[in-house]
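Inside the fold
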Amino acid sequence: MSAAETLTRSLNAWKGQTFDAARCPVRDVIDHLGDKWSTLLIMVLADGPQRFSAIRRAVPDISQRMLTQTLRDLERDGLIEREVFPTKPPSVEYRLSPLGRTLLDPLAALVGWAEGAHPQIVRARTAYDQVA
């Protein structure tokens, strides 16, 4: 089955259900992954466990508050795990969970597509904005 057929089949199956946004995988899961920071943090953690400060250095334009919230959201979704070490002061390390690791191949494909398509998208936006 082609990718287009798979996507069409999924969409048609969802259409047949009573609407419930919480049950829609696209809205419930992909909304979190498609936010401004989650994908970048998963990419940082793909290389292995990282401490909070290392993650912050890897994504320097994220605020401490947003980093904390995004890490909590990813932990809540079961995509990352948090380990607290009994040091003084306590140190915390984040790593991808087994579920989070299953995201790496599809995410790598999407990131590769985005990198390759970016110049065309920028040109399309420029052309559209000149007409609009």
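Scroll up for the structure.
Quick caveat: nothing in here was measured; it's all calculated off a predicted structure.

Section: the overall build of the protein chain
- Secondary structure assignment for the protein chain yields seven helices and three strands.
- What you see in the protein chain, going N to C, is helices and strands ordered as α-α-α-β-α-α-β-β-α-α.
- Relative to a compact globule of 132 residues, whose C-alpha radius of gyration would be 14 Å, the protein chain shows 18 Å and is clearly more extended.
- Seen along its three principal axes, the alpha-carbon backbone of the protein chain occupies a region of about 55 × 40 × 25 Å.
- Considering the protein chain as a whole, with its 132 residues, one finds that 23% of them fall into the buried category.
- For the protein chain, the proportion of contacts with a sequence separation of at least 24, taken over those separated by at least 6, is 39%.
- Of the roughly 9,600 Å² that the protein chain leaves accessible, carbon and sulfur atoms contribute 57%.
- Positive and negative side-chain charges of the protein chain, numbering 17 and 16 respectively, have mean locations separated by a distance of 4 Å.

Some words on the sheet that holds strand 2 (residues 80-85)
- Pairing in this open sheet of three strands is antiparallel, and the strands run 1-3-2 from one edge to the other. At either margin of the open sheet sits one strand with a lone partner, and together these are strand 1 (50-51) and strand 2.
- Bridge count for strand 2 against strand 3 (residues 91-96) is six bridges, and the pairing is antiparallel. Along strand 3, the bridge assignment pairs Val84 with Val92.

Thresholds, definitions, all that
Residues numbered from 1 in each chain as written. Predicted model: local features only at pLDDT ≥ 70, side-chain atom pairs only at ≥ 80, totals over all residues. Heavy atoms only, no water. Helix = DSSP H or I, 4+ residues; strand = E, 2+ residues; numbered from the N terminus. Rg over C-alpha atoms; globule rule 2.2 N^0.38 Å. Buried < 20%, exposed > 50% of the residue type's maximum accessible area, 1.4 Å probe, protein only. Contact = heavy atoms within 4.5 Å. Areas by Shrake-Rupley, 256 points an atom, 1.4 Å probe, with all protein chains shown as cover. Lys, Arg positive; Asp, Glu negative; His and termini not counted. Charge placed at Lys NZ, Arg CZ, Asp CG, Glu CD. Pairing = 2+ DSSP bridges.

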